[in-house]
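Coordinate inspection notes
Residue-level listing of the chains:
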Amino acid sequence: MTPEERAELESILGHHFERPERLERALTHRSHRQDPAGADNERLEFLGDRVLGLAASERLCHDFPGWDAGKLSKGLARLVSASAIHGAAERLNLGRHLRLGPGEEKTGGREKKRLLADAFEAVVGAIYLDAGLPAAAAFLRRALLDPALNGGVDGLERPDHKSALQEWLQQRGLPAVEYRIHRETGPEHHKMFEVEVWHAGRALAASEGRSKKAAEQAAARLALESLEAGHVSG
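We now turn to the structure provided with this report. Throughout, a residue's number is its position along its own chain's written sequence, starting from 1. Predicted model: local features are reported for residues with pLDDT of at least 70 only, side-chain atom pairs are reported and counted for 80 or more only, and whole-chain, interface and lining totals are derived from all residues. As a convention, hydrogens and water are excluded, and side-chain values are obtained from all of the structure's heavy atoms.

Bringing the sheet that holds strand β2 (residues 192-199) into the picture now. Following DSSP output, two strands are said to pair if at least two bridges run between them. Under the scheme used here, helices are H or I runs from DSSP no shorter than 4 residues and strands are E runs no shorter than 2 residues, and both carry numbers assigned from the N terminus. Pairing is antiparallel across the open sheet formed by three strands, whose spatial order is β1-β2-β3. Strands at the two margins of the open sheet, each flanked by one partner only, are β1 (178-185) and β3 (202-209). Taking the axes of each pair of neighbouring strands and ignoring which way they run, one obtains an average angle of 25° across the sheet. The pairing of β2 with β3 spans seven bridges and is classified as antiparallel. In the strand pairing of β3, His199 is matched with Arg202. Where helix α11 (residues 212-229) meets the sheet, its contacts fall on β1, β2 and β3, and the angle it forms with β3 comes to roughly 140°. Only C-alpha atoms enter the line fits that serve as axes; for helices the fit covers just the stretch in contact. Angles between N-to-C directions range over 0 to 180 degrees. Contacts are assigned to residue pairs with any non-hydrogen atoms lying within 4.5 Å of each other.

The subject of this paragraph is the pattern of salt bridges. Should a side-chain nitrogen of Lys or Arg be within 4 Å of a carboxyl oxygen of Asp or Glu, the pair is scored as a salt bridge. Going through the model one piece at a time under the given rule, you end up with 16 salt bridges. In this structure, Arg110 and Glu105 form a salt bridge, with 2.8 Å as the shortest nitrogen-oxygen distance. Relative accessibility thresholds used throughout: buried, under 20% of the residue-type maximum; exposed, over 50%; partly exposed, between the two (1.4 Å probe, protein chains only). For Glu105, a relative accessible area of 37% puts it in the partly exposed group. Where salt bridges share partners, they join Arg59, Asp63 and Asp146 into one cluster.

Here we come to the packing of helix α5 (residues 82-91) against helix α8 (residues 133-149). Following both chains from N to C, one finds α5 and α8 inclined at 125°, their axes separated by 10 Å at the closest point. Comparing the axis directions of α5 and α8 gives the class oblique. The crossing of α5 and α8 is right-handed. Contacts between α5 and α8 involve Ala84, Ile85, Ala88 and Arg91 from the former and Ala143, Leu144 and Pro147 from the latter. Ten residue types, Ala, Val, Leu, Ile, Met, Phe, Trp, Tyr, Cys and Pro, are classed as nonpolar, four, Asp, Glu, Lys and Arg, as charged, and the remainder, Gly among them, as polar. A per-class count over the contact of α5 with α8 returns six nonpolar, no polar and one charged. Here is the rule for angles: anything less than 35 degrees is roughly parallel, anything more than 145 is roughly antiparallel, 65 through 115 is roughly perpendicular, and the remaining ranges are oblique. Crossings are assigned a handedness: left-handed for a near helix turned anticlockwise from the far helix by less than a right angle, right-handed for a clockwise turn.

Encoded structure:
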């Protein structure tokens, strides 16, 4: 990473690193590792995951004082889910800055959900080590918590149809579905996405939404309804 690239990323993250090597390590996947001592991001990801859990738990307790422990646990699971973290990593364009080995590079590692989520948590860990919990919590508010909670309680209590569909298939030993963008329409600032749910070589359902996530959720709901009604054989 050049000094210019690091400065650009620090500007996006909203944190200037006193020790820049921490940021570089946070973006280094184990496939890139040259040092047998292990200068990759796995330890930072472990640390960042714990910092994220603490910051998110504190935020939920503050924002929803009437929730019991059960509702807080469910809200936390949604707030720090792999999908939510992956979305935050994409908004920060972390994939562009990942340090990958040749194998991961060839297989699209910069767009892999798990790699991006791990890198995001590693960045959290790096910021924590560089400047402490207040700096890490401030970054999490900007990058993940505020966007996720802008809709208030609705965003956390809204049904997760994609997870429900995945669980339905897993319980029956069936393979996972694939979500495909069939069409994008409208101007850049007001796009409409049409997404299809494919399973075992055929489309189960399709739906539209103002975001890819909304369209996927709507399509997953229709697909699950069809499967439960027996309209689609397994």
